[in-house]
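Topology and contacts: notes
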Amino acid sequence: MKRAIWISLLSVMMLGACGGDDDHPPAEPGGGYQVTVTRTTYGIPHINASGFGSLGYGYGYAFAQDNLCTMMEDFVAIRGERSKYWGGDGTYLIRAVGVAPNNVDSDFFWKFMADEQAVQRFRNAADPQVRELVHGYVDGFNRYIEELQAGEHPGEQADCAGAPYIGPITDDDMYRRFIRLAILASSEVFITEIATAAPPARGAAEAPRDPATRLEALEKLDPAELPLAHLRRKGLGSNMYALGPDATGGEPIVFGNPHFPWIGTERFYFAHLTIPGTVDIAGVSLFGAPVVMIGFNDHLAWSHTVSTAYRFGLYKLSLDRADPTRYFYDGKLEDMTEVPLSVDVLNRDGSTTTRQRTLYRCRYGPMLVLKVGRLPILGWTRSTAFALRDANYENDRVMNQFFQWNKARSLEEFKELHASIVGVPWVNTVASGPGGDAYYGDLSVVPNVTDAQAKKCAVPFYSDLVGLLLPGLPLMDGGRSDCQWGTDADAPAPGIFGAAHLPTLEREDWVANMNDSYWLTNPAQPVTGYNRIIGDEGTERSLRTRQAIRQIQQRLDGSDGLGVPNLFDLPKLKKIVLSAHIYSGDLGRAAVMNDLCPRAGFFDTGAACDAIRQWDGAAALQSVGFPVWREFWGNLTRLPTDYWLVPFDVNDPVNTPRGLDTSLFSVWKALYDAQTRIEKAGLAFAAPLSEQQHSGVNDATIPIFGAGGAVGAFTIAEDSERESDPDSLGPEGYRVDFGNSYIQAVTWEAGGVHAEGFLTYSESTDPANPHFADFTEAYSKQRWYRFPFHPDEIAADEESRITLKGTPTPVGE
């Protein structure tokens, strides 16, 4: 019934708003908006306009129609108004980085970081056409809100339609969103640490200053208890391949598969953006970004994975003991900048009070305080304080990077833009195009801190403290000008590396990345010689990385059983990437069955062994017994000791470490504990995964295949609550809310681009929308969708079409 209502409303809009059947609207008369939005299967909007303002207008309207409530909650947050609408006692989870600030701290953080000066800086740096796109997006988004509040879309956005925070957005809201996307992997991880940083009160006793004591205390903690675990885990992940002509025997293939949250504004939205003769690009963007961030067209395709490089650095300041808001720099005192802030807080009785707080900046950026419980790791005393400098807070090129890529006409132009703009915030990139090779680059925004400078400017004990928490992150002496970040001659902005000092690799066979560093982009040609802040070299790779490389190697040597020729094509690639094979099973299952299961003794693991015996080595829907293996391997990864017989070998990084050491009592106990957890949860040992793992975001009846990367899965599906609390497993099994999100497999034929894939959680977050769960159902059944790109393909798949007309609002309103 909901689907019928939604389509009926679209029909009414088409009758009232259409300006004809022309797929290419005429030029914008008098600067007015005119854009056609054609929806194809799964609700994908194909937005066709004659100018960037109109393109943004259609995009903003279509996106709001699908995801208004989710996006508005984020706009409220980055305005610093969560407490105003939801009170000061609440918290919220930023799933992309695993932090859960309270509303008040979040509000102070965003008022501090996304202030008018920062917004103006991002706006002024935006390409003029980006500003047109943004303003049109705002007007289109607001048009949908106005229509909704006028009662034109009954039943839609029921979760928020009448809420007091639903109202027009501004261009400033969009630039705040861009700031948030830029600092997602840096300052945003420290919301609480920045928002609560304050100098010691006058007359307060000096805290113990011996950093060696703090280092000793940290070294005694279990690794899981150390602060900043969310940064070490690097929750955001992805897989990507660029397969060149030597791997395909013809045109290249680009495979992209980001692993992002299924809940919140770090979801992806698929759209096709066209201005005839100017831009024609399809793919996905994170919510609130009016450009395609991973995508394809007739000329090229690209994808991303989260990079290992750090985007920020820390500085220790030596303070004036008479005033802890003054610090020494090259022997002279400098004042910190005081920033008085206030936030409105909704009380339980419905009244509102105002809270005030003063935060501080120095020449590097915001002050912060890092604690473990009550133990100050990086504290603010009368003599010492710490500041964060964030290269991506300074990266006002981020939208220009993707915007220019959207207009690129060749792989060569794409690569040139990658190297010249250096606006990619925190991801690796692979790309290719018709007739091209396989290209990889981590030409992203990285602080220009060489290994030599990090060593020269290290602060005794404090740098060791930070190195224990985040290996490779520099903490330097903030009182010396020679410890300022460097600037390369080819860098587009101060303080970052230029393209010449960032890793790239281009080959005729293949390149790949699965969130480990650039080093093993292709094992035949290890990438080396870069500074540690960018990534590690010659170190152990994750099981997911190793499985991903093995999949390529086995296809090219023919050992995967998929037949000759020993090359990739789309059908074989699609089968491989969704096979849900579990690499840890290859490494340890035989040892478990041969060494642990025959034992009689203290632990009775008969039920677990029976399940593993039936298991097919995958996390496919038909796989029986996999939950036992998943829990067993999860227990192993949480052990404080090594469990391998053959250690990592830098000369054989794809196949080491290996060999499960079943002589360890802890390994046997890990198996028993897995069995116990399954029993307590009430899950059947012999049931297929289709009965035990389902979507956790839209339709709980939709089974989902896949598993976590730690178990050696390439096909990712995770239950974030289970990841943080293994014992929370219950009779409902696993509820997937993180993992495979957007999937694209792209190549080129005589007629142009051929792209297939999924948006695993579907286009809309509105339960009343017919596209709330339809793509999820297709993904569950592995029904790959050929994304229509050319006009004839779009026409053949058309479900609805509207033409929107409007008058731009004055900029600033």
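Our subject is the structure that appears above.
Report on the accompanying structure. (Residues numbered from 1 in each chain as written. Predicted model: local features only at pLDDT ≥ 70, side-chain atom pairs only at ≥ 80, totals over all residues. Heavy atoms only, no water.)

**Structural notes on the packing of aromatic side chains**
For the structure on display, the rule yields 56 aromatic pairs. On the basis of an interplanar angle of 35° and a centroid distance of 6.5 Å, the ring pair of Phe63 and Tyr137 is categorised as tilted. Within this pair, whereas Phe63 is found in helix 2 (residues 52-78), its partner Tyr137 is found in helix 6 (residues 128-149), the two being separated by 74 residues in sequence. We classify Phe63 as buried; its relative accessible area is 1%. A relative accessible area of 1% places Tyr137 in the buried class. With a centroid separation of 5.5 Å and an interplanar angle of 35°, the aromatic rings of Phe603 and Phe665 are classed as tilted. (Phe/Tyr/Trp six-rings, centres within 6.5 Å; stacked < 30°, edge-to-face > 60°. Helix = DSSP H or I, 4+ residues; strand = E, 2+ residues; numbered from the N terminus. Buried < 20%, exposed > 50% of the residue type's maximum accessible area, 1.4 Å probe, protein only.)

**Some thoughts on the pairing of strand 16 (residues 375-378)**
Pairing of strand 15 (residues 370-372) with strand 16, which is carried by 3 bridges, proceeds in the antiparallel orientation. Its bridge partner being in strand 16, Val372 is matched across the sheet by Leu375. In this antiparallel pair of consecutive strands, strand 15 and strand 16, the connection spans 2 residues, and Gly373 shows a positive phi of 65°. (Pairing = 2+ DSSP bridges.)

**What about the state of the cysteines?**
Evaluation of the coordinates by the stated rule reveals 3 disulfides. Here Cys69 connects covalently by a disulfide to Cys160, the sulfurs 2.1 Å from one another. One disulfide, between Cys69 and Cys160, carries an S-S torsion of -85° and so falls in the left-handed class. A residue pair is termed long-range when its members are at least 10 positions apart, and Cys69 in helix 2 and Cys160 in the loop between helix 6 and helix 7 (171-182) qualify at 91 residues. The same class applies to Cys69 as to Cys160, namely buried. At a sulfur-sulfur separation of 2.0 Å, the disulfide partner of Cys597 is Cys609. Looking along the S-S bond of the Cys597-Cys609 disulfide, the torsion reads about -95°, which is the left-handed sense. Remark: Cys609 occurs in helix 19 (residues 606-614) and Cys597 occurs in the loop between helix 18 (583-596) and helix 19; sequence separation between them is 12 residues. Just as Cys597 is buried, Cys609 falls in that class too. (Disulfide = S-S within 2.5 Å.)

**Some thoughts on unusual backbone geometry**
Geometrically, the link from Val564 to Pro565 is a cis peptide bond, its omega value of -5° lying close to zero. Structurally, Pro565 can be placed in the loop between helix 16 (543-557) and helix 17 (570-577). Residue Pro657 is reached from Thr656 by a cis peptide bond, and omega for that bond is 0°. Its place among the elements puts Pro657 in the loop between strand 23 (644-646) and strand 24 (658-660). Positioned with a positive phi, Asp330 is a non-glycine residue whose angle comes to about 50°. Structurally, the position occupied by Asp330 is in the loop between strand 10 (323-329) and strand 11 (332-335). Residue class for Asp330 comes out partly exposed when judged on its relative accessible area of 44%.

**Some thoughts on the pairing of strand 9 (residues 312-320)**
When you tally the buried positions in strand 9, you get 8 out of 9 residues, the bulk of the element. Alignment of strand 9 against strand 17 (residues 384-390), held across 7 bridges, turns out to be antiparallel. From the neighbouring strand, Ser318 faces strand 17, where its bridge partner is Thr384. Looking at chain direction, strand 9 and strand 20 (residues 475-477) are connected through 3 bridges and run parallel. Opposite Tyr315, over in strand 20, you have Met476 as the bridge partner. Between strand 9 and the antiparallel strand that follows it, strand 10, lie 2 residues.

**Here we look at the environment of Gly379**
Relative to the helices and strands, Gly379 resides in the loop between strand 16 and strand 17. Of the residues examined, Gly379 reaches a relative accessible area of 7% and is grouped as buried. Measuring from C-alpha to C-alpha, the distance between Gly379 and Gly365 comes to 16 Å, with 14 residues separating the pair along the chain.

**A short note on the pattern of salt bridges**
Counted according to the given criterion, the structure contains 37 salt bridges. Between Arg326 and Asp335 there is a salt bridge, and its shortest N-O distance comes to 3.0 Å. Glu631 is the partner of Arg722 in a salt bridge, and the nearest nitrogen-oxygen pair spans 2.2 Å. Residue Arg722 is located in helix 22 (residues 720-724), and its partner Glu631 is located in helix 20 (residues 626-637); the two are separated by 91 residues in the primary sequence. Overlapping salt bridges, with partners in common, bring together Asp74, Arg177, Arg180, Glu188 and Glu266 in one network. (Salt bridge = Lys/Arg side-chain N within 4 Å of Asp/Glu carboxyl O.)

Bear in mind that shape data such as this cannot, by itself, settle questions of function.
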